[in-house]
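What follows is the residue order along each chain.
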Amino acid sequence: MIDFFQNLEPVTQALLGTVFTWGMTALGASAVFMSKDISKRALDGMLGFAGGVMISASFFSLLAPAIEMSEGKDIPAWFPAVVGFLVGGIFLGGIDKVLPHLHFGSPIEKAEGIKTTWKRSTLLILAITLHNIPEGLAIGVAFGAVATGFPSATLPAAIALAVGIGIQNFPEGLAVSMPLKRDGMSSLKSFWYGQLSAIVEPIAAVLGAIAVNIAKPVLPYALGFAAGAMIFVVVEEVIPESQNNGNADLATMGAMVGFAIMMVLDVASG
């Protein structure tokens, strides 16, 4: 099985990796069939955990390899990572300003992005969809990097990144489907839209893998870009949402556990 995966094209590897993360989102969303609701305390802890995984992945799986790949070049080793990081944050910031979406627990009057007449449920789904764009991009760039031959870009590391993001996608799927059900949507529809929020991950992964295979010199910038996009999402949305309901200590501990698990996965993968 491992040999089969190793012999696949990077784009196919990225696609399969994000099909796994998509499946984990669906698994989390399927909890609506077993429970009527989930406590805000548990949800905040899960969101904190997801944020911790994303922060850890941004450094260990993306920024650190980007810096290592840039050593010995004509420019400072930090330059591609910093430029990519800032551009990634600016890019997600632009999407955040344009894409209509609503944070969980907020009244529809506080919807962000271009003003629309879309339903509250649609805006909630788009908020989580926004989270998944940089996650899919990160996986795609990681698998695409393996084919470039850089020592710091290894298949086990790319797989570890996909596994880590898959783990944190479980609570994200739950975080979409449960509030939708709470708002009066049926269990089946809540599940459907919960898993659908992750459909952008395979798309972003394929685009990321293709980009770095077409233009190898952009790889450190692409890794930094994915990291910047993820950090923007964490700071702008995930962490604030986890801290809004009086469960700050639990959410913070969840973030630390998520960070530690992703760090172990990445370092243990070599």
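The present account deals with the structure reproduced in this document.

Each value, and the rule that gives it
- Residues numbered from 1 in each chain as written.
- Predicted model: local features only at pLDDT ≥ 70, side-chain atom pairs only at ≥ 80, totals over all residues.
- Heavy atoms only, no water.
- Helix = DSSP H or I, 4+ residues; strand = E, 2+ residues; numbered from the N terminus.
- Rg over C-alpha atoms; globule rule 2.2 N^0.38 Å.
- Buried < 20%, exposed > 50% of the residue type's maximum accessible area, 1.4 Å probe, protein only.
- Contact = heavy atoms within 4.5 Å.
- Phe/Tyr/Trp six-rings, centres within 6.5 Å; stacked < 30°, edge-to-face > 60°.
- Axes fitted to C-alpha atoms, helices over the stretch in contact; angles between N-to-C directions.
- Parallel < 35°, antiparallel > 145°, perpendicular 65-115°, else oblique.
- Left-handed = near helix turned anticlockwise from the far one by under 90°.
- Expected span 1.5 Å × (residues − 1).
- Arc of directions from axis to C-beta.
- Core = buried A, V, L, I, M, F, W, Y, C linked by side-chain atoms within 4.5 Å.

### Looking at the overall build of the protein chain
No. 1: Across its full length, the protein chain holds 10 helices and 0 strands.
No. 2: Taking 18 Å as the expected radius of gyration for a compact globule of 270 residues, we find that the protein chain reaches 18 Å, a close match to that expectation.
No. 3: For the protein chain, the C-alpha atoms occupy an extent of roughly 55 × 40 × 35 Å along the three principal directions.
No. 4: Within the protein chain, the fraction of its 270 residues that count as buried is 53%.
No. 5: For the protein chain, the share of sequence-separated contacts (at least 6 apart) that also reach a separation of at least 24 residues comes to 79%.

### Observations concerning the packing of aromatic side chains
No. 1: All told, the structure shown has 5 aromatic pairs when counted by the stated rule.
No. 2: Seen in terms of ring centroids, F33 and F191 are 5.5 Å apart; in terms of plane orientation they differ by 50°. Their pairing is tilted. Here F191 lies in helix α7 (residues 187-196) and F33 lies in the loop between α2 (10-29) and α3 (40-69), a separation of 158 residues in the sequence.
No. 3: Both rings, one in F59 and one in F60, keep their centres 5.0 Å apart while their planes meet at 80°; by these two values the pair is edge-to-face.
No. 4: Among the aromatic residues, those joined into a ring-pair cluster are F59, F60 and F259.

### A closer look at the packing of helix α5 (residues 120-146) against helix α9 (residues 219-242)
Helix-helix packing is characterised by the crossing angle of the two axes and by the distance between the axes.
No. 1: Packing of α5 against α9 leaves a shortest axis separation of 9 Å and a crossing angle of 155°. What the angle tells us is that α5 and α9 run roughly antiparallel. Regarding α5 and α9, the two cross each other, and that crossing is left-handed. On α9, the residues touching A127, L130, H131, P134, E135, L137, A138, V141 and A145 of α5 are L219, A222, L223, F225, A226, A229, M230, V233, E237 and V238.

### Here we look at helix α10 (residues 248-268)
The α-helix winds at 3.6 residues per turn, so residues separated by three or four positions along the chain end up facing the same way.
No. 1: An ideal rise of 1.5 Å per residue puts 30 Å on 21 residues; α10 measures up with 30 Å between its terminal C-alpha atoms.
No. 2: Within α10, burial applies to A251, G254, A255, G258, M262 and D266. Viewed end-on, α10 has its buried residues packed into an arc of 100°, placing them on one side of the element. The exposed set on the far side of α10, more than 90 degrees from its buried face, consists of D249, M256, V264, V267 and A268.
No. 3: Of the surrounding secondary structure, the elements contacted by the buried residues of α10 are α3, α6 (155-182) and α9.

### Some remarks on the nonpolar core
No. 1: Ranked by internal contacts, the top residues of the largest apolar core, which has 45 residues, are L62, M69, V141, F143, L161, L219 and L223.
No. 2: Sorting the residues of this core by element identifies α3, α4 (79-98), α5, α6, α8 (200-214) and α9 as the ones contributing at least two each.
No. 3: Top contributing element to this core by residue count: α9, with 11 residues.
No. 4: In contact with L223, not counting residues within four places along its chain, are S61, L62, P65, A66, M69 and V141.
No. 5: Core analysis: the second largest hydrophobic core is formed by 9 residues, I128, V176, L180 and M185 among them.

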